[in-house]
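Okay, here's what each chain looks like letter by letter:
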Amino acid sequence: MNGDVLRKALLACLPEQAILTDPAGCLPYGYDNSRCQAQPDAVVFPTSHEQIVRLVHFCRDQRIPLTCRGYGTGTTGATVPIRGGIVLSTERFNRILEIHPEDRYAVVEPGVTNQQLQEAAGQAGFFWPPDPTSAAFCSIGGNLAYNSAGPRAVKYGTPRENTLGLIAVTGSGETLKTGVYTTKGVVGYDLTRLLIGSEGTLGIITQATLKLTPTAQHIHTLRAIYRNVHAAARAVSAIMAQSVIPCALEFIDGQAIRIIQDYSDIRFPEGSGAMLMIEVDGPLAGLR
Ligand SMILES: Cc1cc2nc3c(=O)[nH]c(=O)nc-3n(C[C@H](O)[C@H](O)[C@H](O)COP(=O)(O)OP(=O)(O)OC[C@H]3O[C@@H](n4cnc5c(N)ncnc54)[C@H](O)[C@@H]3O)c2cc1C
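(A) Structural detail: the packing of aromatic side chains. For the structure shown, the criterion picks out three aromatic pairs. Ring centres 5.5 Å apart and planes at 80° place the aromatic pair Tyr 29 and Phe 45 in the edge-to-face group. Taken together, the positions of Tyr 29 in the loop between helix H2 (23-26) and strand S2 (42-44) and Phe 45 in the loop between S2 and helix H3 (49-62) put the pair 16 residues apart, joining distant regions of the chain. What makes Phe 45 buried here is its relative accessible area of 2%. Ring centres 5.2 Å apart and planes at 45° place the aromatic pair Tyr 105 and Tyr 181 in the tilted group.

So this is what it looks like as structure tokens:
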């Protein structure tokens, strides 16, 4: 299908302003942080579940490859349309629909960035634990599809432990509603956890109900230097065997320490072979 024919056909699924077929406009949606690249035939910007259902049916009927994309910060090339076809960008499908502090959950569309959610939840005294370093420019849909997390995973877990339910569109255009709104959800197959980490291969997530955690009263950060990696690893094992565990634990090896010293004014003690950045949170009395 050439660009004009494809554009006309897509008008049955989406409004005109949500369809891009000009090759130069489509180009930036053909690569991600993997540095792989392929040219899509079209890029679409749906803003509703129903539009995505129509689009999936259309692509399935016409046998056109459909690749889902958040903000393209992933490093595996999963958003690169290697067989051409249509890239579905969630960047305009980006509303925070509900925040319920009393029930500790938020409902969001997939194109909301991690940081936008953190800011909105923060105003209510909560946060969503998954904290990839790319928070400012990665989507909740991408976080869920990759099960992305950062240093806080050591205490609070990944998206799998922090998602209550999902709405998704399968490859055959069916709607899946998974999960619960409650902290305890014990019945039936756990399709929420199955969809999380599936990299867009099992369905396109159109809505997520995310478990919120109250913001800690205090956070203390500690830097610990070790002679070598083995000593740091023994310290990590000892820390993790205690009843109070850190909310973030980052390891830096000797080579990284050398690079930091070469490219900054930061100085480490002579013979530093490894470092741990340890963050603990909770009530002030418990941190002393
Ligand atoms: C500077 C930098 C720092 C990073 N730090 C971290 C980190 O600390 N921890 C970490 O885990 N990752 C990190 N990453 C990788 C990346 O940012 C994350 O994996 C992030 O979750 C990807 O989000 P995205 O919106 O860019 O997704 P994309 O790259 O656009 O897509 C990723 C995957 O999700 C799928 N997808 C996107 N939206 C949906 C949807 N709605 N439904 C179904 N599938 C969907 C895509 O098809 C693809 O398979 C980092 C990347 C950069 C560039």
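Following the structure, the description resumes.
(B) Representation of the site of the ligand. Not every one of the 29 residues close to the ligand is listed here, only the nearest: Cys 68, Thr 73, Ser 134, Ser 139 and Ser 148. Between the ligand and the protein, one listed contact pairs an oxygen atom with a backbone N or O atom of Cys 68 at 2.6 Å. Residue Ile 205 places a main-chain N or O atom 2.8 Å away from a nitrogen atom belonging to the ligand. Protein contact buries 84% of the 980 Å² of open area that the ligand shows by itself. Taken together, the elements giving at least two residues each to the shell around the ligand come down to strand S3 (66-69), helix H5 (140-146) and strand S10 (204-211).

(C) Layout of a nonpolar patch on the surface. Together, Tyr 189, Leu 191, Leu 194 and Leu 202 give the surface a local cluster of nonpolar side chains, amounting to about 450 Å² of exposed area. Classification of Leu 202 by relative accessible area gives partly exposed; the value is 37%.

(D) Spotlight on the side chain of Thr 158. Mapped onto the elements, Thr 158 comes out in the loop between helix H6 (153-156) and strand S8 (163-169). Among the polar contacts listed, one links the side chain of Thr 158 to the side chain of Asn 147, at a separation of 3.1 Å. Setting aside chain neighbours within four positions, we find Thr 158 in contact with Pro 130, Asn 147, Ala 149 and Ala 153.

Definitions and cut-offs
Residues numbered from 1 in each chain as written. Predicted model: local features only at pLDDT ≥ 70, side-chain atom pairs only at ≥ 80, totals over all residues. Heavy atoms only, no water. Phe/Tyr/Trp six-rings, centres within 6.5 Å; stacked < 30°, edge-to-face > 60°. Helix = DSSP H or I, 4+ residues; strand = E, 2+ residues; numbered from the N terminus. Buried < 20%, exposed > 50% of the residue type's maximum accessible area, 1.4 Å probe, protein only. Near = heavy atom within 4 Å. Polar contact = N/O pair within 3.5 Å; in protein donor to acceptor, adjacent residues only side chain to side chain. Areas by Shrake-Rupley, 256 points an atom, 1.4 Å probe, with all protein chains shown as cover. Patch = residues over 30% accessible without salt bridge, like charges linked within 9 Å, V, L, I, M, F, W, Y side chains within 5 Å. Salt bridge = Lys/Arg side-chain N within 4 Å of Asp/Glu carboxyl O. Contact = heavy atoms within 4.5 Å.

So far we have only geometry, and geometry alone does not tell us how the molecule works.
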